[in-house]
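# Results of the structural survey
Listed below, chain by chain, are the residues.
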Amino acid sequence: MLNKEDWLMIKAQREQGVYIRDIAQELGAHPKTVSRALQRGGPPSGKRPGGRKSKLDPFKDLVDEELARNVWNTVVIFRKIREAGFLGEITILRDYIRPKRVLRPGKETVRFETDPGEQVQSDWGELWTEVGGRRTKVHFIVHTLGYSRRFHFWCCEREDAQHTYEGLIRGFEHFGGVTKQVVVDNQKAAVIHHRHGERVVFHERFVDLACHYGFTSYACRPYRARTKGKVERMVGYIKDNFFARHRSFASFEEMNALAESWLREEADLRVHGTVKEVVAERFEREKDSLKGLPAVRYDTSYFEKRVVNWDGYVEIRGNRYSVPDDLRGQLVTVRIGLNGHLRILSGEGRETEHRMRPRSEGWVTVPSHHVRVWAETMNVQQRDLSVYEEAVTCS
C-alpha cells in the first residue's frame, strides 16, 4: 500500500513528465496502483486497520531531520539512527529514503555573465536527417557569444579537427570579429590533455589558430557541462526549432544556406529568456568590443606529408595523383581543403592542384607531368637482329 511519502514522489515525478511505468518501477508497485493514486488526486486516507508497523516508524522524524539538513547518504543516516536504538536493517531505511530523492534540491550554480566581446562558447551537436534523399548523420558546431547570446552554427559531415577550426572561423566571420576568449569542450581537436589540478595541453594546430586570430583558449573542467551552459542550450534550441522546421535538404550547401537565413530572420530577432532583450539589439552593444579579423584567413585544410613514388604519383586516401616527374622520390606537403580541393607542395614552393576523386574513377593524371618519364620509357635500345641469331646458334 502506498503511503504519503510515496504519493508525494508520484506527484513530483509525474509533474516532471516521468512515465507511470517508470514511477511504478521506482516504487516497486504495479502501474495500475500508481494510476489509481493519480486518479484519486490526493494522498491515501491512511493505513489499513491493523496494518503492519515498521521498525523504522519511531525513527522517521530523525531521518526526516537529516534529509532536511540535505544529508542524503544512507550509510551516514543509518549510523545515526543505530546510535538512537534502531535495530532494523539498512534496506528498510533505503526503501524509506528512495521515493524522497526526487525532492532532493539540485546543486546550485551561480550564473556567470561576461562583458561584451569577452567570450564565445563552442560545442558540437548531432542528429539524423535527410540529405540528398538519404538518411544522414549531421554534425553541427555552435558558437554562442557570452554577452549578447547571439550564436552561429555550421553543419557538416564530421566533427574532426579541421571542421572544428573551420566552424570557429565561420563563427567569427558571422559575428564580424573575434572574442578575447574561446571556451571549448575537451574534444581532441582542441585539447590533448586536461586533468583536474594539472596544466591543460592544447592541440598544436588549435594553439596555432588561437595565435593567428589572437584569442585565449579556455577548456571547461571535465564532466562539468555547466561551464558552457549557454552554448549547450543552443544545441537543443537548434534541434527543436531549425531542424523541426526543415526536415530534408538537397545538400549540405542548401542546409547551411537555410541556416544562415534562419539565424538572421528568427534566431537573432528572438527575445532571450535570461537577459530579456532582443538578441540582435543586445549584439549592437557588443560588436564594437570584438577584435578585428586577420587580413589572411587561417588555412583549415588537412595537412599531411607524403613521398612521391618513382612513377611520379602520390598516394592519397586510396587514390593516386600525378606530380611533375622531377619530384620523384621527394618529400612533399599535401593539403586537402574541406571542399575537396587538393594541393601538393614541394620544398621549393611549387604547387600542384587536383580535385579529390574516389578510387573507382581511376588515377588522376596531368599528361604534362610525365613527359620525361614516358620519353625514358619509350627510349628502348635498338639491337641488330644478328645478336639474336648468334644466341640461337649457341643454344
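Below is a summary of the structure that appears in this document. Note that this is a predicted model, so its numbers are computed, not measured.

### Thoughts on the overall build of the protein
Each helix and strand counted, the protein has 13 helices and 14 strands in total. A buried classification covers 41% of the 395 residues belonging to the protein. Sequence separation of 24 or more characterises 60% of the internal contacts of the protein that already satisfy a separation of 6 or more. Total accessible area computed for the protein in this model is approximately 23700 Å², and 49% of it derives from carbon and sulfur atoms.

### Description of the pairing of strand β12 (residues 331-336)
Regular strands show a simple pattern: their side chains alternate between the two faces of the sheet. Counting buried positions along β12 yields five of six residues, so the element is predominantly enclosed. Two elements, strand β9 (residues 302-307) and β12, share six bridges in a ladder whose sense is antiparallel. Looking at the pairing, Y302 lines up with I336 of β12. Where β12 meets strand β13 (residues 341-345), four bridges bridge the pair, whose relative direction is antiparallel.

### Concerning the pairing of strand β1 (residues 119-131)
Of all the 13 residues making up β1, ten are buried; the element is thus mostly covered by neighbouring parts of the structure. As defined by bridge partners, β1 adjoins strand β4 (residues 181-184) across three bridges and the pair is classed as parallel. What sits directly across from Q121, in β4, is V183. Of the pairings in the sheet, the one linking β1 to strand β2 (residues 134-145) comprises twelve bridges and is antiparallel in character. In the strand pairing of β2, W124 is matched with I141. Pairing of β1 with strand β8 (residues 248-249), which is carried by two bridges, proceeds in the parallel orientation. From the neighbouring strand, V131 faces β8, where its bridge partner is F249.

### A look at the nonpolar core
Of all hydrophobic cores here, the largest spans 24 residues; its most connected members are L168, F172, V182, F206, L209, Y213 and F215. Those elements giving two or more residues to this core turn out to be α7 (161-175), β4 and α8 (204-213). Top contributing element to this core by residue count: α7, with six residues. L127, M234, I238 and L263 belong to the second largest nonpolar core, which has 20 residues in total.

### Section: the packing of helix α5 (residues 74-83) against helix α6 (residues 90-97)
Remark: α5 packs on α6, axes separated minimally by 10 Å, with the N-to-C direction vectors making an angle of 120 degrees. When the interaxial angle is binned, α5 and α6 end up oblique. As for how α5 packs across α6, the hand of that crossing is right-handed. Facing T74, V75, I77, F78 and I81 of α5, the residues of α6 in contact are I90, L93, R94 and I97. Here the contact of α5 with α6 is built from residues that sort into seven nonpolar, one polar and one charged.

### Points about the side chain of S148
You can see S148 is positioned in the loop between β2 and β3 (151-156). With relative accessibility at 0%, the residue S148 sits in the buried group. There is a polar contact of 2.6 Å between the side chain of S148 and the side chain of E286.

### Comments concerning the pattern of salt bridges
Going through the model one piece at a time under the given rule, you end up with 19 salt bridges. Across the salt bridge formed by D57 and K60, the nearest N and O atoms sit 3.1 Å from each other. Residue E118 pairs with K180 through a salt bridge whose shortest N-O separation is 3.9 Å. One end of the pair, E118, is in the loop between α6 and β1; the other, K180, is in the loop between α7 and β4, and 62 residues separate them in sequence. Residue classification places K180 among the partly exposed positions, given a relative accessible area of 44%. Put simply, E166, R170, E173 and R297 are held in one network by salt bridges that share partners.

### With respect to the packing of aromatic side chains
As enumerated under the stated definition, the model contains 19 aromatic pairs in all. Taken together, a centroid distance of 6.1 Å and an interplanar angle of 85 degrees make the contact between F151 and Y237 edge-to-face. One end of the pair, F151, is in strand β3; the other, Y237, is in helix α9 (residues 229-245), with 86 residues separating them in the sequence. Residue classification places F151 among the buried positions, given a relative accessible area of 1%. By the ring-pair criterion, three or more aromatic residues cluster together here, those being F140, F151, F153, Y237, F242, F243, F249 and W262. A cation sits over an aromatic face here: R150 above F283, 4.5 Å from the ring centre.

### Describing the sheet that holds β12
The strand order across the open sheet built from four strands is β9-β12-β13-β14, with neighbouring strands paired in antiparallel fashion. Among the strands making up the open sheet, the edge pair consists of β9 and β14 (351-355). Each strand axis lies, on average, 25 degrees off the axis of its neighbour in the sheet, ignoring direction.

Calculation notes
- Residue numbers run consecutively from 1 along every chain, following the written order of its sequence.
- Totals for whole chains, interfaces and linings use all residues, but because this is a predicted model, local features are given only for residues with pLDDT of at least 70 and pairs of side-chain atoms are given and counted only at 80 or more.
- With hydrogens and water stripped out, all remaining heavy atoms of the structure feed into the side-chain values.
- Helix numbering and strand numbering both begin at the N terminus, where a helix is a DSSP run of H or I of at least 4 residues and a strand a DSSP run of E of at least 2.
- A simple rule labels every residue: compare its accessible area, found with a 1.4 Å probe on the protein chains alone, to the largest value its type can have, and call it buried under 20%, exposed over 50%, or partly exposed in between.
- Whether two residues are in contact is decided by their heavy atoms, any of which lying within 4.5 Å being enough.
- Areas reported as accessible are Shrake-Rupley estimates using a 1.4 Å probe. Residue values count occlusion only from the protein chains shown.
- Two strands form a pair only when DSSP identifies at least two bridges running between them.
- Joining through side-chain atoms within 4.5 Å is the link that ties buried Ala, Val, Leu, Ile, Met, Phe, Trp, Tyr and Cys residues into a set, and such a set is a nonpolar core.
- Every axis corresponds to a line fitted to the C-alpha atoms, with the helix fit spanning only the stretch in contact, and the corresponding angles, defined between N-to-C directions, vary from 0 to 180 degrees.
- Each angle is binned into one of four classes, with values under 35 degrees roughly parallel, values over 145 roughly antiparallel, values of 65 to 115 roughly perpendicular, and all other values oblique.
- By convention, the crossing between two helices is left-handed when the near helix turns anticlockwise from the far helix through less than a right angle, and right-handed when the turn is clockwise.
- When residues are sorted by character, Ala, Val, Leu, Ile, Met, Phe, Trp, Tyr, Cys and Pro go into the nonpolar class, Asp, Glu, Lys and Arg into the charged class, and all the rest, Gly among them, into the polar class.
- Within 3.5 Å is the distance limit for a polar contact, defined as a pair of N or O atoms, with the added protein rule that one can donate a hydrogen and the other accept it, and that residues adjacent in sequence qualify only through two side-chain atoms.
- Salt bridges are counted wherever a side-chain nitrogen of Lys or Arg sits within 4 Å of a carboxyl oxygen of Asp or Glu.
- The criterion for an aromatic pair is that two Phe, Tyr or Trp rings (for Trp, the six-membered ring) have centres within 6.5 Å, with stacked assigned to planes under 30 degrees apart, edge-to-face to planes over 60 apart and tilted to the rest.
- Charges are assigned to positions over rings by a cutoff of 6 Å between ring centre and Lys NZ or Arg CZ, combined with an angular limit of 35 degrees from the ring normal.

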